[in-house]
Amino acid sequence: MFENIYTPVQKLEITPFNNLFVKRDDLIDPYISGNKWRKLKYILEKAKSHNKSHIITFGGAYSNHLVATAAASARLGLKSTAFVRGDEVKNEILLLCKLFGMTLIFTDRESYRDKEKLFNNHFHHEDNAYFVDEGGASAEAVIGCAEIVDELIDSYDHIFCAAGTGTTAAGLLKGIQKNGLKTKLHIIPVLKNGSFINEEILKYTPHSENLVLHLNYHFGGYAKTTPELFNFIKSFTARTGLLLDPVYTAKMFYAIIDLQKQNIVNANDKILAIHTGGLLGIFGMKDKF
Ligand SMILES: *Cc1c(COP(=O)(O)O)cnc(C)c1O
């Protein structure tokens, strides 16, 4: 199921930009969406090659990673179980996880912190169990995300991407280095105090002058929003026909437009925004619109 794919690059007609493009990784699959498909590709391949038939992972109750892992595991004939942070709840994301056959273990926040311990306590007797970290953070995920750059036919002055753990960012930087490109990589951490993303990226790739972090577009922190962000999503989607999620891609596109206003990027520069998917996140915020 992880056959090669080439997601389309589309031009966005939005003033004052003359060369703004978007790589539509959101089109890979509705459930194994965007960068989660890229990240799981080599993780699940490794699990299979080690004859592991039961994927164990971790996430919050609105995690795109959980749905993606549930769907991808099911398609590969693997069992999946997730430790879900916090009290038992029902929502659209967890409904999909259950439909894809994932077993959910709701876990209090204190125990959730030690993921290795949870894994060992529950699965020490199970040879087939395979540990996949929260969000899929791993060296395999970085290799999968580097393929986003391998697929590009044209070259760009700037590539933009949102970051949660920074694994996707590390993969993009690796891809830029591997392909010998001069492209600047602009990363928008969606959490407060996002400078830790730098260290995360350095775990996987050497330091690079091409990397820039923009720390002021978190809108209050992870999954935090403001009325301004919702207004931005509404007007952007109506103008471009492109859906954005409030947690990641909306903050990235807001940053691109704001950085152009500040003349940090030029409206004539060739810019590629990575649409990392995650659109199911919209349904968690339906009351806000
Ligand atoms: C998970 C996710 C990210 C963050 O990816 P990291 O590799 O954790 O930085 C970005 N965008 C979307 C839509 C996501 O679902």
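Per-chain numbering applies: the sequence of each chain, read as written, is numbered from 1 onward. At least 70 in pLDDT is required for a residue's local features to be given in this predicted model, at least 80 for side-chain atom pairs to be given and counted, and no such filter applies to totals for whole chains, interfaces and linings, which use all residues. Calculated side-chain values reflect all of the structure's heavy atoms, with hydrogen atoms and water omitted.

> So what's going on with the sheet that holds strand β6 (residues 129-131)? Which residues, and what values?
Spatially, β5-β4-β3-β6 is the arrangement adopted by the 4 strands of the open sheet, whose pairing is parallel. Across the chains shown, the open sheet's two edge strands, defined by having one partner strand only, are β5 (103-107) and β6. Across this sheet, the average inter-strand angle for adjacent strands is 25°, counted without regard to direction. Should DSSP find at least two bridges between two strands, the strands are regarded as paired. Each helix is a run of DSSP H or I of at least 4 residues and each strand a run of E of at least 2, with the numbering of both proceeding from the N terminus. As judged from the 6 bridges shared by strand β3 (residues 54-59) and strand β4 (residues 79-85), these two strands associate in the parallel manner. When the sheet's bridge partners are listed, Gly59 is paired in β4 with Val84. Note on method: axes are straight lines fitted to C-alpha atoms, helices fitted across the in-contact stretch only, with angles between N-to-C directions ranging 0 to 180 degrees.

> Please set out the pairing of strand β10 (residues 271-275) residue by residue, giving values where relevant.
Residue burial is assigned from relative accessible area. The probe radius is 1.4 Å, only protein chains are included, and a residue is buried under 20% of its type maximum, exposed over 50%, and partly exposed in between. Burial analysis of β10 places 5 of its 5 residues in the buried class, which makes it a mostly covered element. Going residue by residue along β10, you find Ile271, Ala273 and His275 tucked away on one face and Leu272 and Ile274 tucked away on the opposite face as well. When strand β2 (residues 20-24) meets β10, the two strands line up parallel, connected through 5 bridges. Paired with Leu20 across the bridge in β10 is Ile271.

> Before we move on, can you summarise the sheet that holds strand β9 (residues 211-213) with the specific residues and values?
With mixed pairing, the 6 strands of this open sheet are ordered in space as β1-β2-β10-β7-β8-β9. Edge positions in the open sheet fall to β1 (9-11) and β9, since each of these has one partner strand only. Mean inter-strand twist for the sheet, computed between neighbouring axes without regard to direction, equals 25°. Where strand β7 (residues 158-163) and β10 come together, 3 bridges link them in parallel fashion. The partner of Phe160 across the bridge, within β10, is Ala273.

> Lay out the packing of aromatic side chains with the relevant residues and their values.
Note on ring pairs: Phe, Tyr and Trp rings are taken, using the six-membered ring of Trp, and paired if centres are within 6.5 Å. Classes follow the plane angle, with under 30 degrees stacked, over 60 edge-to-face and the rest tilted. As enumerated under the stated definition, the model contains 16 aromatic pairs in all. Look at Phe119 and Phe131: their rings are 5.5 Å apart centre to centre, the planes differ by 85°, and that puts the pair in the edge-to-face class. One end of the pair, Phe119, is in helix α5 (residues 115-123); the other, Phe131, is in strand β6, and 12 residues separate them in sequence. The class of Phe119 is buried, set by a relative accessible area of 12%. Ring centres of Phe230 and Phe289 lie 4.8 Å apart, and the angle between their planes is 85°; on these two criteria the pair is classed as edge-to-face. Taken together, the residues Phe230 in helix α9 (residues 227-240) and Phe289 in the segment after β10 connect sequence positions 59 residues apart. Look at Phe230 and you get buried, because its relative accessible area is 5%. According to the relative accessible area criterion, Phe289 is partly exposed, its value standing at 42%.

> Residues and numbers for the pattern of salt bridges, please.
Any carboxyl oxygen of Asp or Glu that lies within 4 Å of a side-chain nitrogen of Lys or Arg is treated as forming a salt bridge with it. Tallying each qualifying case throughout the model produces 14 salt bridges. Notably, a salt bridge pairs Asp26 with Arg24, separated by 2.9 Å at the nearest N-O pair. Classification of Asp26 by relative accessible area gives buried; the value is 12%. According to the relative accessible area criterion, Arg24 is buried, its value standing at 13%. Glu147 is the partner of Lys41 in a salt bridge, and the nearest nitrogen-oxygen pair spans 2.7 Å. Highlighted residues: Lys41 in helix α1 (residues 34-49) and Glu147 in helix α6 (residues 139-150), separated in sequence by 106 residues. On the basis of relative accessibility, which here comes to 4%, the residue Lys41 falls in the buried class. We classify Glu147 as buried; its relative accessible area is 16%. Put simply, Lys23, Asp25, Arg38 and Glu151 are held in one network by salt bridges that share partners.

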